[in-house]
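Descriptive analysis of the structure
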Amino acid sequence: MKRMLSGIKPTGRVTLGNYIGAIRPFVSYQDEYEMFIFVANLHSMTIYQQPAELRKNTKDLIALYIAAGLDPNKVTLFLQSDVLEHAQLGWYLGCLASMGELSRMTQYKDKVAKGEVIGAGIFNYPSLMNADILMYDPDYVPVGEDQKQHVELCRDIAERFNSRYSETFKIPEPLVAKVGGRIMDLQNPTKKMSKSEETSKGCIYILDDINVSKKKIKSAVTDSESYVHFDPINKPGISNLLEIYSTLTNRTIEDIEQQYVGKGYGEFKNDLAEIVGSELEKIQTRYKEITTGSYLDDILEAGAQKARFVARKKLAKVERKIGITIKKR
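A brief report on the enclosed structure follows. (Residues numbered from 1 in each chain as written. Predicted model: local features only at pLDDT ≥ 70, side-chain atom pairs only at ≥ 80, totals over all residues. Heavy atoms only, no water.)

**What to know about the nonpolar core**
Here is the rule we go by: Remark: nonpolar core denotes a set of buried residues (Ala, Val, Leu, Ile, Met, Phe, Trp, Tyr, Cys) joined through side-chain atoms within 4.5 Å. Exposure is judged per residue with a 1.4 Å probe applied to protein chains only, and the accessible area is read against the type maximum: over 50% gives exposed, under 20% gives buried, and values in between give partly exposed. Strands here are runs of E lasting at least two residues and helices are runs of H or I lasting at least four, both read from the DSSP assignment and numbered beginning at the N terminus. The contact definition used throughout considers only heavy atoms, calling two residues in contact when any of these lie within 4.5 Å.
Counting residues in each nonpolar core, the largest one holds 57 residues, and the members touching the most others are Tyr 19, Tyr 65, Leu 241, Ile 244 and Phe 268. Considering each element in turn, this core owes the most residues, nine residues, to helix H11 (residues 265-290). Tyr 19 has contacts with Arg 24, Pro 25, Ala 68, Ile 206, Leu 248, Glu 279 and Ile 283, leaving out every residue within four places of it along the chain. Counting residues in each nonpolar core, the second largest holds 36 residues, with Ala 40, Tyr 125, Val 141 and Ala 311 among its members.

Below, the structure written as C-alpha cells:
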C-alpha cells in the first residue's frame, strides 16, 4: 500500500471545514493507503494556548477523528509530542532551510503584514513540518490548495538533503481534494472557515448544538439571485454551500444543481441544514460513546509505539549520514 501522512492542530474547536477538508477524507482513504495521522500539538505552541483548553481540544480532536469513522486498527493515530524524534529531525532539517525560504511561508508573511507580535516558532515551524512529513516517507500528503506551499518546501528540503548526503527521504506528493478541500466562512465566503475568527456566526463547530448549526446554514450569505449554480467567482456563497452539500452526500455538484432547477435558495438551504444536522448527530453520538474510560489513551499509546519505531529508524539513518553520531545505532 502507498503511505499517506497528515496532521491537524488542536488549536480551537473542530469546525465543519476541518471535518470536510481533512478528517472526512481520511475515512475514505484508510482502506486504500497505509495512514499515519497525528495531532500536531507541537505546532499549536507557536501561539499561547491556555493549558486546560489545549488538553480538552486535543482530546476532542482525537475523539472526533474516531467518531467520524477512522479505525485505529487501520490508521496509526498519535500525538506529535509523544514522538520526540519529530523535534530532533526538525532541527536538522531547519539547518538546511534558508531564511528566505522560511520568510516566504504564508503564515509568517500574513502575520508580519498584519503587524502582529510573533515568536520565533512561527518562523521556524515549516522545518518541524518538514520533519513531520519526511520522518515517515509518505507517498502523499493531503492538503488544501492554500497549503501546497508547505509540501513544496518539504520536497525542496528532501531533495537538498538527498543530494548532499545521498538518498534518504522519499519525495512526497501533495494530494489536493477537488471538492470540499477548502470550505469557506458562511458569512464571508471569500475567507476560509476558521476557528480563529472573532465571530462564530460563519463557522459551524462539530460539537455545537445541532439546531444552532442548522440555523447558521439557513442564514448563510448567498447573493441577490435565486438559482442554485456553482460559480465561485460570481456566486461564492451558494458555491460554498454546494461544496458542503456535494461532499456530505457524495453527489456531484451538477446533480445537485439539476435537483434545484426552478427552486429558490430557501428550499436548498433548508435541505442542506437537515443534511448537516444529520451528519453532526451521528458524529456527536459516537463521540459521547468513546470519551469515557481509557479508550483514547490506549489508542494513542499504541499509535505512538508504532510511530516511534518508524521514527527512530529514520532518525538513526539521518544521524549516521550527517555524521552527528560516532556510534552505531
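**Things to note about the packing of helix H2 (residues 51-67) against helix H12 (residues 295-322)**
What counts is decided by this rule: Throughout, an axis means a line fitted to C-alpha atoms (over the contacting stretch in the case of helices), and angles, computed between N-to-C directions, take values from 0 to 180 degrees. Relative orientations are named as follows: roughly parallel for angles under 35 degrees, roughly antiparallel for angles over 145 degrees, roughly perpendicular for angles from 65 to 115 degrees, and oblique for any other angle. Put simply, Ala, Val, Leu, Ile, Met, Phe, Trp, Tyr, Cys and Pro go in the nonpolar bin, Asp, Glu, Lys and Arg in the charged bin, and everything else, Gly too, in the polar bin.
The geometry of H2 relative to H12 is characterised by a closest axis approach of 11 Å and an angle of 85 degrees between their N-to-C directions. Here H12 runs roughly perpendicular to H2, going by the angle between their axes. Contacts between H2 and H12 involve Lys 59, Ile 62, Ala 63 and Ile 66 from the first element and Tyr 295, Leu 296, Ile 299 and Leu 300 from the second. For the contact of H2 with H12, the residue count by class is seven nonpolar, no polar and one charged.

**Some remarks on the pairing of strand E5 (residues 173-176)**
Two faces, one strand: in a regular strand the side chains alternate between the faces of the sheet. The criterion, for reference: Strand pairing is assigned whenever DSSP identifies at least 2 bridges connecting the two strands. The path from the first strand over the helix to the second decides the hand: if it runs clockwise while the strands point away from the viewer, the crossover is right-handed.
The pairing of strand E4 (residues 140-143) with E5 spans four bridges and is parallel. Its bridge partner being in E5, Pro 142 is matched across the sheet by Leu 175. In this region the chain leaves E4, passes through helix H7 (residues 148-165) and returns to the parallel neighbour E5; the handedness of that crossover is right-handed.

**Side note on the state of the cysteines**
We apply this condition: Cysteine sulfur atoms that come within 2.5 Å of each other are treated as a disulfide pair.
Within the structure shown, the criterion is met by zero disulfides. Summary of cysteine pairing: Cys 95 is not part of a disulfide, and the nearest cysteine sulfur, belonging to Cys 154, is at 16 Å. Look at Cys 95 and you get exposed, because its relative accessible area is 53%. You can call Cys 154 buried: its relative accessible area is 0%.

**With respect to the packing of helix H8 (residues 210-218) against H11**
Put simply, the rule reads: For any helix crossing, the convention is left-handed if the near helix is rotated counterclockwise from the far helix by under a right angle, and right-handed if that rotation is clockwise.
Packing of H8 against H11 brings their axes to within 9 Å, and their N-to-C directions diverge by 150 degrees. With respect to each other, H8 and H11 are oriented roughly antiparallel. The way H8 lies across H11 gives a crossing that is right-handed. Facing Ile 210, Ser 213, Lys 214, Ile 217 and Lys 218 of H8, the residues of H11 in contact are Lys 269, Asn 270, Leu 272, Ala 273, Glu 274, Val 276, Gly 277, Leu 280, Glu 281 and Gln 284. Grouping the constituent residues of the contact of H8 with H11 by class yields six nonpolar, four polar and five charged.

**Some points on helix H1 (residues 16-29)**
In an α-helix, one turn spans 3.6 residues; hence positions three or four apart end up facing the same way. To be explicit about the condition: To estimate the expected span of a helix, count its residues, drop one, and scale the result by 1.5 Å. Fitting one axis to the seven residues ending at a residue and another to the seven starting there, the bend at that residue is the angle between the two axes. We call two N or O atoms a polar contact when they sit within 3.5 Å, provided that within protein one can donate a hydrogen and the other can accept it, with sequence-adjacent residues counted only if both atoms are side-chain atoms.
The end-to-end C-alpha separation of H1 is 19 Å, in line with the 20 Å expected for 14 residues at 1.5 Å each. Taken as a whole, H1 carries its principal kink of about 30 degrees at Ile 23; the proline Pro 25 stands between one and four residues after it. For H1, a buried count of 10 out of 14 residues is recorded, marking the element as mostly surrounded by other parts of the structure. At the N-terminal end of H1, a side-chain oxygen is found 3.2 Å from the backbone nitrogen of Gly 17, two or three residues along, and the residue is Thr 15.

**Section: the pattern of salt bridges**
Basically, it comes down to this: We count a salt bridge whenever a side-chain nitrogen from Lys or Arg sits within 4 Å of a carboxyl oxygen from Asp or Glu.
If you walk through the whole model with that rule in mind, you get 21 salt bridges. Note that Lys 2 and Asp 139 form a salt bridge whose closest N and O atoms lie 4.0 Å from each other. Placement of Lys 2 in the segment before strand E1 (3-8) and of Asp 139 in the loop between helix H6 (120-134) and E4 is noted, with a sequence separation of 137 residues between them. Arg 286 serves as the salt-bridge partner of Glu 289, at 3.4 Å between the closest nitrogen and oxygen. In this pair, Glu 289 and Arg 286 are both assigned in helix H11, three residues apart and thus about one turn of the helix distant. What emerges from the salt-bridge pattern is a single network uniting Lys 2, Asp 139 and Lys 170.

**Observations concerning the side chain of Thr 58**
When you line up the elements, Thr 58 lands in helix H2. When its relative accessible area of 11% is taken as the criterion, Thr 58 is described as buried. Apart from residues lying up to four places away in sequence, Thr 58 is in contact with Pro 10, Val 39 and Leu 79.

**Regarding unusual backbone geometry**
The backbone of Ser 166 sits at a positive phi, close to 95 degrees, despite the residue not being glycine. As for its position among the elements, Ser 166 is in the loop between H7 and E5. We note that Asn 250 has phi near 55 degrees; this positive angle belongs to a residue other than glycine. Tracing the chain through its elements places Asn 250 in the loop between helix H9 (236-249) and helix H10 (253-259).

**Comments concerning the side chain of Thr 168**
Position of Thr 168 among the secondary structure elements: in the loop between H7 and E5. Within the structure, the side chain of Thr 168 is placed 3.0 Å from the side chain of Lys 321, a separation counted as a polar contact. Setting aside residues no more than four positions away along its own chain, Thr 168 makes contact with Asp 137, Phe 161, Asn 162, Lys 314, Lys 317, Val 318 and Lys 321.

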